[in-house]
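Reading the structure
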Amino acid sequence: AYKEGNVHTKITFKNPLTGEYQFYFVTYKVSSPGVIDTLKLTAPVRQSVSHTIPVYNPLTTSVTLTTQLNNTTEISLLPTFTVPPLSEGLFSFEFMPLKAGDSNAKIVFSSVDLGQYIYEVELVATPAGPEKPLIFKTGLGTSQVLQARLVNYSKTKVDYSSKTEGAEFHVEKNTQPATSGGVGGTEVVIDVTYEPASLGDSKGTLIVSSGAGGEYIFPLVGQCHHPKPQGPFTIRAGQSIPVQFKNTFPVPTTFLLSVDNPLFAVKQSELIRAKKTINIMVTYNGSPSGQSLPAQTGKLTITNPKNSAGQAVHWVFYLKGISEKH
C-alpha cells in the first residue's frame, strides 16, 4: 500500500480434489508511515544552506506532490513538484535564518496516490559576523554623517531600532521602518553621525535590531584630525561679521580668541556651553585716519586650554578686510 486507509479483501482456500473451499473477509488497516527521516541543517544568520530530499515514485504514471511546512518561516520551498513514473525525484529547499538559535520544523509531501512523506528538520542558526565597518574621518569641531546599509529579509513589514555604543557616535532616528523583504530583501539605510570631542582615533558600535528581522552589528571607527583653516571671511571697514563656532567638547569650555592684525578686533575669550554653537563677532576697523586702504588680511585663532589628554587645539579662520569703496 502507498497511502493510509482501510483495504478490504476476500481470501479463499479451496481443495482442488474435492472442490471444498473456505473463505475469509480480511480488512487491512494502513497507518501513516511516520517520520521518514530527521534532517539537521546549520547556517549562520542571513546566509542560506540548501538540502535535497529524494522522493521515489513507484507508479507507472507521474505524480504531483504538494508541500507543507510547519513551525518555521525560515525555510523556502516550492508549493508542488512532480516525479516522473518509476523514477526518483529530487526536491531541494533552502534554510536562511534571521535570528540565532535552535528550532524544529516539519516538511510534509502529500499525494492522492502515494499518501504522505514526513520529514522532521532540526535547525541551528549561528550568530552572524559583523557588517562592513563605517570609517569616519573629520576634523575636531566638525561632524561627519555616513550611511549604514543593511538588507531586510523579513517576510513582513518590520521596524528596526538603532542604538550606538561610543560617546562620539549617534543616530538621529532611533526607529527605521522596513517593508517586507521578498525574495532578494529590501535595503534599509541608517544615518550615523560622528562628532569627535578629542583628537585621535575612537571606536564604537551601531546595533540595529528587530524582533522579526534579527540583529545587525556595524563596527564604527572614527579618525579625528586637527581642524582645517576656514575662510576667508570678508568684512567691510567699520563693520562686524559673525563667525560661527561650536564647542564640540562635552563640558562648558572657555576658548581664547586672538587676531594677528591690529586692524581687526575680537573679544579675548568666550565661555561656551557644551555642544553649543555661537556666533563670534569679528570687527574690521579699517584705517585709523579713515583713508582707503588696500585689502587687508588677518587670521582669527580660537584656542582651547589643554585638556586632560594634554591636547591644545587651534581653530584658524582667515579674514579679509576691505574698504567701503571695494
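Presented here is a report on the structure given in the accompanying data block.

Some remarks on the packing of aromatic side chains
Aromatic ring pairs are defined here through the distance separating the ring centres and the angle between the ring planes. Here the structure, examined in full by the defined rule, presents 19 aromatic pairs. Aromatic side chains F91 and F109 sit 4.9 Å apart centroid to centroid with 70 degrees between the ring planes, which places their arrangement in the edge-to-face category. One end of the pair, F91, is in strand β8 (residues 87-95); the other, F109, is in strand β9 (residues 101-111), with 18 residues separating them in the sequence. Accessibility classification places F91 together with F109 in one group, the buried group. Arranged with centres 5.1 Å apart and planes meeting at 25 degrees, the rings of F169 and Y194 form a pair that is stacked. You can see F169 sitting in strand β14 (residues 169-171) and its partner Y194 sitting in strand β16 (residues 186-194), a full 25 residues away along the chain. With respect to class, F169 is no different from Y194; both count as buried. A connected cluster of aromatic rings, assembled from ring pairs, spans F233, F245, F249, F255, W315 and F317. Over the face of the ring belonging to F23 we find K10, whose NZ or CZ atom lies 4.3 Å from the ring centre. The ring of Y216 carries R46 above its face, with NZ or CZ at 3.6 Å from the centroid.

Regarding the sheet that holds strand β4 (residues 49-57)
Paired through their backbone hydrogen bonds, the strands of a sheet run either parallel or antiparallel. In spatial order, the strands read β4-β8-β6; together these 3 strands make up an open sheet with antiparallel pairing. The strands lining the two open edges of the sheet, one partner per strand, are β4 and β6 (75-76).

About the criteria used
Here the residue index of a chain counts from 1 through its sequence in written order. Local features in a predicted model are, by the rule used here, given only for residues with pLDDT of at least 70; side-chain atom pairs are given and counted only at 80 or more, and totals for whole chains, interfaces and linings are based on all residues. Calculated side-chain values reflect all of the structure's heavy atoms, with hydrogen atoms and water omitted. Here a Phe, Tyr or Trp ring, Trp counted by its six-membered ring, pairs with any other such ring whose centre lies within 6.5 Å, and the pair is stacked when the planes are under 30 degrees apart, edge-to-face when over 60, and tilted otherwise. Only DSSP runs of H or I reaching four residues or more are called helices, and only runs of E reaching two or more are called strands; each is numbered from the N terminus. Each residue is assigned to one of three classes by its accessible area relative to the maximum for its type, calculated with a 1.4 Å probe on protein chains only: buried under 20%, partly exposed between the two thresholds, exposed over 50%. In this analysis the charged atom, NZ for Lys or CZ for Arg, is taken to sit over a ring once it is within 6 Å of the ring centre and within 35 degrees of the ring normal. Strand pairing follows a simple DSSP-based rule, namely that at least 2 bridges must link the two strands.

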